[in-house]
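# Summary of the model geometry
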Amino acid sequence: MTIQWFPGHMTKARRQIEEKLKLIDVVIELLDARIPLSSRNPMVDEILKGKPRLVLLNKNDLADPQVTAEWVKYFADQGLPALPIDAANGTHVKEILPRVKQLWAHKIESQLRKGINPRAVRALIVGIPNVGKSTLINQLAGKKIAATGDKPGVTKGQQWIKVGTEMDLLDTPGILWPKFEDQMVGMRLAATGAIKEELLHLDEIALFVVKYMVQHYGAGIQERFAIQELPEDMENIHEVIKVMEAIGRKRGAIVSGGKVDLDKASLIIIRELRAGKMGRISLEKP
Ligand code: GDP
């Protein structure tokens, strides 16, 4: 479910996160590895107010590993540890606990020095809708508990999930809104499925995807769709449309008269991208 974000919803979402922050030690900020900045809330630093934070680059199974490595460095340069994961398959999920503990180690040490038995570190997962928060909570819990669905207006009683004996995780994530005012950000969010395509035209999203693919993953797209020659000037929309037509023809998206059905071709391109069928593709670079 996609939330229609109005200023009132944003205020409410923010207030709900601020309530949760009072209970926790460390924030786990979940981003989409394919579009880390575009899947990031524009006010996140302000909202999280200096809480120790671990960045997780989720859906890394769909992202370009080389670009993800650049993003890890990008965040490290800003003093934010970042870990690529794939919550759906559980890849690298086991590395989250040691990373969270590292961020809280100074507190544990100071408690030990005072002779206090350190308690489990308390963590909260935050992120925009569809980034994989519920999937990750379920992985960490080792069972299906988190309700999928984004209802920033609904408050449930807070429950703690034990992740081993050393971490307690809030069972409901903090839901943040994306930076959708920027048109390019909107394109990336729509292309990856973070926002509903009804909000944008399908062909516009597909044009964006094809242009990006030709510019950054030319050989892959050429091979997959058996395109003879890729155009050089992808700033020329007619050239981009020609590539889309070639893809449509290859996939049999033809209407009567032998013309390519561009709507159908658009849908095919977006579906194949999201399913990872075009390979591991990142749509944003640091
Ligand atoms: P939430 O709205 O942030 O709680 O997101 P969900 O946990 O409901 O996940 C949204 C969609 O992304 C679901 O279809 C998940 O199966 C999918 N998903 C979550 N994590 C991953 C991942 O690491 N890789 C892939 N390929 N899909 C994922």
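Residues numbered from 1 in each chain as written. Predicted model: local features only at pLDDT ≥ 70, side-chain atom pairs only at ≥ 80, totals over all residues. Heavy atoms only, no water.

## Re empty space enclosed by the protein
This model, assessed by the stated rule, comprises one cavity of 30 Å³ or more. In terms of lining, the largest cavity is formed by 13 residues, of which the most central are Asp32, Asn130, Val131, Thr192 and Ala194. (1 Å grid on protein atoms, 1.4 Å probe; cavity = no way out; pocket = protein on both sides within 12 Å on 5 of 7 lines; lining within 4 Å. Points joined across faces, edges and corners; volume = space filled by probe spheres on them.)

## Examining the domain arrangement of the protein chain
If you check the domain split of the protein chain, you get domain 1 (7-175) and domain 2 (201-274). Each of domain 1 and domain 2 has a C-alpha centre, and these two points are 36 Å apart. (Domains from an automatic or database assignment.)

## Side note on unusual backbone geometry
Non-glycine residue Lys49 carries a positive phi angle of around 40°. The topology assignment puts Lys49 in the loop between helix 2 (44-48) and strand 2 (53-58). Phi at Ala226 is positive, roughly 50°, even though this residue is not glycine. (Helix = DSSP H or I, 4+ residues; strand = E, 2+ residues; numbered from the N terminus.)

## So, helix 5 (residues 133-141)
Among the nine residues of helix 5, seven are classified as buried, and the element is accordingly described as predominantly covered. Within the span of helix 5, buried status applies to Lys133, Ser134, Leu136, Ile137, Asn138, Leu140 and Ala141. (Buried < 20%, exposed > 50% of the residue type's maximum accessible area, 1.4 Å probe, protein only.)

## Notes on the packing of aromatic side chains
Applying the stated criterion across every chain, the model contains five aromatic pairs. Measuring from centroid to centroid gives 5.1 Å for Tyr74 and Phe75, while their planes differ by 90°, and the two rings are edge-to-face. In this structure Phe75 comes out as buried when scored by relative accessible area, which is 0%. Chaining the aromatic ring pairs together yields one cluster made of Trp71, Tyr74 and Phe75. Across the ring face of Trp160, the terminal group of Arg122 is positioned such that the distance to the ring centre comes to 5.8 Å. (Phe/Tyr/Trp six-rings, centres within 6.5 Å; stacked < 30°, edge-to-face > 60°. Lys NZ or Arg CZ within 6 Å of the ring centre and 35° of its normal.)

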